[in-house]
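# Topology and contacts: notes
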Amino acid sequence: MAKLILKRGRDARVKGGHPWIYRSEVAEVAGDWRTGEAVSVLDGEGRFVGRGFYNPRPSLVCRLLTRQDEPVDGAFFRRRIAAALAIRREAGLVSDAFRVVWSEADGLPGLIVDRYASVAVIRCLTLGMTRCRPWIVEALRGPEGLADYHYGHDEVTAGRLEGFEPLRGWIDAAGPPEIEIREGPCRFVVSIEGGQKTGFYLDQRENRALVAGLAHGRRFLDVFCYSAAFACQGLAAGAARAVGIESSPEAVAFARRNLALNGLEDRAELREGNAFDLLRGMERTGERFDLVVLDPPPFTRTKAALEAAARGYKEINLRALRLLSPGGIVATFSCSHHVSPAQFEEICRAAAADARVTVRVLASLTQCRDHPILLNVPETRYLKGLLLEAIS
Ligand code: SAH
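Procedures and definitions
Residues numbered from 1 in each chain as written. Predicted model: local features only at pLDDT ≥ 70, side-chain atom pairs only at ≥ 80, totals over all residues. Heavy atoms only, no water. Phe/Tyr/Trp six-rings, centres within 6.5 Å; stacked < 30°, edge-to-face > 60°. Helix = DSSP H or I, 4+ residues; strand = E, 2+ residues; numbered from the N terminus. Buried < 20%, exposed > 50% of the residue type's maximum accessible area, 1.4 Å probe, protein only. Pairing = 2+ DSSP bridges. Axes fitted to C-alpha atoms, helices over the stretch in contact; angles between N-to-C directions. Salt bridge = Lys/Arg side-chain N within 4 Å of Asp/Glu carboxyl O. Left-handed = near helix turned anticlockwise from the far one by under 90°. Contact = heavy atoms within 4.5 Å. Nonpolar A, V, L, I, M, F, W, Y, C, P; charged D, E, K, R; others polar. Near = heavy atom within 4 Å. Polar contact = N/O pair within 3.5 Å; in protein donor to acceptor, adjacent residues only side chain to side chain. Areas by Shrake-Rupley, 256 points an atom, 1.4 Å probe, with all protein chains shown as cover.

What follows deals with the packing of aromatic side chains. The full count for this structure, using the stated rule, is 14 aromatic pairs. For the ring pair Y151 and W170, a centre distance of 4.8 Å and an interplane angle of 65 degrees mean the geometry is edge-to-face. Here Y151, found in strand β10 (residues 149–153), pairs with W170, found in strand β11 (residues 168–170); they are 19 residues apart in sequence, far enough to count as distant. Between F299 and Y313, the ring centres sit 4.6 Å apart and the planes meet at 40 degrees, which makes this aromatic pair tilted. Here F299 is found in the loop between β17 (289–294) and α10 (306–322), whereas its partner Y313 is found in helix α10, with 14 residues between them in sequence. Given the relative accessible area of 25%, F299 is considered partly exposed. Taking relative accessible area as the criterion, Y313 reaches 0% and is therefore assigned buried. Put simply, the rings of F224, F276, F299, Y313 and F344 pair up and form one aromatic cluster.

Here is the structure:
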C-alpha cells in the first residue's frame, strides 16, 4: 500500500486525534498510489499513524479513517456502522428518523447516513467514500435491517472539490419519493428526492422537543421554518397559535402539508417571503409573540464573509427581541461553521443591547446527540444556539 509521509513538525494535529491532513503538511506520497484509494499515513519520524483515502485534488488531501493497521474494506464498514448504531441505541436516539452516521464523529470522515423510516439517505463527501458505497449499503442492510431502500444524495460542492460526479438517485430498488416519519407526537412528510439537506433537519430534533416544552398557551413565531417542524411540535404541545416564515415556496408547501397532517392548520399561519423584510413589517404593525425560534440557513460558508454574516445574525436577533412580549423566550441558532459559540453569543449580546432588552440565558444549545461532537475535532460542532428569556 502507498505511504503518505507527513512533514516533520507538521504532524502534531493528526497525532493529537484530528483526522485531517492538508497538502502543505505532506512531505511525500511514496509508492503506487491512486486517487481516492487508501494510503498508510506515517508521521515525520516514519511511524504508522493510520489509514485514509488520498486525493491530491482538494487541499484537504486525506482524512484518517482508522488509526489501526487494518484494511478499509466491507468488514471495516460493517464494524463502524454497527458501532455508530450502538452508541445511538444506548442513548435512546434510534427512531423513525435519525442520523445514523455523522462523518468524522463516527470514524467515517466523508460519510453521512440519515434514516427516514424505510429509507436510508447516503451522502458521500469524498471521492474515496463514493467508491465504498456498495460496502456501505451492504452494512446498512446487514442484520439490523435499518432500511429497505437506499438513496444517494451527494453534495454538488463536494463533488466539484473532490472530482466526482455527485450521485442523486436510488442506489438499488427505487423507493418512495416522499415518506412519512414520526418525531415525538408529530408526523412529517419528508421529501427524499427533492428536500433540503437529506430531507429534514434532524439536527434540531432535541431542540424542537425542548421548545415544544415551553410552547403551551404561547403565541409562537417560527422563523426560517422550512417544513414547519418547530411550529408543528409547538402547536402539538399547546401553543395558542403559530406563524411560520419561510422564503422557499417548496418548503412552504411541505409546511402546509405537515400542519394539515397533524390537524394543526387552524392555529397556524404561513407567510412566504424574506424573513428580514417580514420581521421588519411585523415590528411596524405591532404584532407580538411569546416564543420565537430563529433557525436561519448558514449566512456564510467562508471565513471571509464572516462580517456580513454577523450583521445578518444580529439583525434577525434584534428584530426577534423587539417582537417579544415581556417574559417572552427566543431560541436562536447559527449553523455556520465559521461562527464560534463565543462569537454567536457576542452577536446576540449586541442585539439585546440595541433592542434594550435584558435577557437571561436559560440554556446553551447545540445539535442533536445523533450528530456527536468530538472534542479533538472542533469542526464536528456546527450548530450553536441560545435559549433566551426577556426579563425586562
Ligand atoms: N427550522 C427548520 C430548518 C430551517 S433551515 C426545521 O426545523 O426544519 C433554514 C430555512 O430558511 C430553509 O428552509 C430556507 O429555505 C429558509 N430561508 C433561507 N433564507 C431565508 C430568508 N431570507 N427568509 C426566509 N427564509 C429563508
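It is worth spelling out the sheet that holds strand β6 (residues 60–66) at this point. Ordered in space as β2-β6-β5-β4-β1-β3, the six strands form an open sheet in which the pairing is mixed. On the outer flanks of this sheet lie β2 (20–22) and β3 (26–30), each paired with one strand and no other. The sheet shows a mean angle of 35 degrees between the axes of neighbouring strands, taken without regard to direction. In the sheet, strand β1 (residues 3–6) pairs with β3 via four bridges, with the strands oriented antiparallel.

When charged atoms on two side chains of opposite charge get close, those side chains can pair. This structure, assessed with the given rule, holds 36 salt bridges. Between R8 and E45 there is a salt bridge whose closest N-O contact spans 3.2 Å. Of this pair, R8 sits in the loop between β1 and α1 (12–15) while E45 sits in the loop between β4 (38–42) and β5 (48–54); the two residues are 37 residues apart in sequence, bridging distant segments of the chain. Residue class for R8 comes out exposed when judged on its relative accessible area of 62%.

Turning next to the packing of helix α6 (residues 205–212) against helix α7 (residues 229–236). Following both chains from N to C, one finds α6 and α7 inclined at 35 degrees, their axes separated by 8 Å at the closest point. Classified by chirality, the crossing of α7 by α6 is right-handed. For the pair α6 and α7, the contacting residues are N207, R208, V211 and A212 in the first and A229, F230, Q233 and G234 in the second. For the contact of α6 with α7, a count of residues per class yields four nonpolar, three polar and one charged.

This paragraph deals with the site of the ligand. Neighbouring the ligand are 16 residues; R208, E246, S247, A275 and D295 lie closest to it. Note that a nitrogen atom of the ligand is positioned 3.1 Å from one of the backbone N or O atoms of S247. Side-chain polar atom of N274 to a nitrogen atom of the ligand: 3.1 Å apart, as the coordinates give it. Starting from 580 Å² of accessible surface for the ligand in isolation, the protein chains cover 89%. Grouping the constituent residues of the shell around the ligand by class yields eight nonpolar, five polar and three charged.

All we've got here are geometric facts, nothing functional implied.
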